[in-house]
Amino acid sequence: MIKDMLLEIKWAYQRVRYGYDDRIKWSFDEYFLSLVKPIKEFCQDMIKNKDSQSEERIKVFSETLILIEKLEATEYFMEKSFYVNSKKLWKYVAKNMFYYWN
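This text gives an overview of the structure that appears in the document. (Residues numbered from 1 in each chain as written. Predicted model: local features only at pLDDT ≥ 70, side-chain atom pairs only at ≥ 80, totals over all residues. Heavy atoms only, no water.)

**Concerning helix H4 (residues 80-95)**
Since the α-helix packs 3.6 residues into each turn, any two residues three or four apart lie on the same face.
Argument step 1. Its 16 residues give H4 an end-to-end C-alpha distance of 23 Å, which sits within 8% of 22 Å, the value for a rise of 1.5 Å per residue.
Argument step 2. Inspection of H4 places Phe82, Asn85, Ser86, Leu89, Tyr92 and Val93 among the buried residues, and these make up the whole buried set. For H4, the angular spread of the buried residues around the axis is 135°, confining them to a single face. Opposite the buried face of H4, at more than 90 degrees from it, the exposed residues are Lys80, Lys87, Lys91, Ala94 and Lys95.
Argument step 3. Buried residues in H4 make contact with helix H2 (28-48), helix H3 (55-72) and helix H5 (97-100). (Helix = DSSP H or I, 4+ residues; strand = E, 2+ residues; numbered from the N terminus. Expected span 1.5 Å × (residues − 1). Buried < 20%, exposed > 50% of the residue type's maximum accessible area, 1.4 Å probe, protein only. Arc of directions from axis to C-beta. Contact = heavy atoms within 4.5 Å.)

In structure tokens, the structure reads:
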């Protein structure tokens, strides 16, 4: 019980100082998956406002949505295709990171 309290204090301090705590390292997969929905919504919003976007950005957002659809079509951690689709999505996002900046 005291150990749990000390760990909670430690993690709270880490979140204040660094913006995250050690527990994130235990489940990066869940953290990355928590970003899929906001990225999807962002891309959808940017495509809706395509008048203010370059064709290149629209292409990147459209491809991102296709990759997200493929990821969402697989069972969470149950199929090899989940890992393949997840890897493709994050590689694509990293490669095109500049386009997501607004």
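Alright, that's what it looks like, and here's the rest.
**A short note on the environment of Glu72**
Argument step 1. As for its placement among the helices and strands, Glu72 is situated in helix H3.
Argument step 2. Using a relative accessible area of 44% as the deciding quantity, one classes Glu72 as partly exposed.
Argument step 3. A C-alpha to C-alpha distance of 25 Å links Glu72 and Arg23, two positions 49 residues apart in sequence.
Argument step 4. If we skip the residues at most four places from it in the chain, Glu72 touches Val36 and Lys40.

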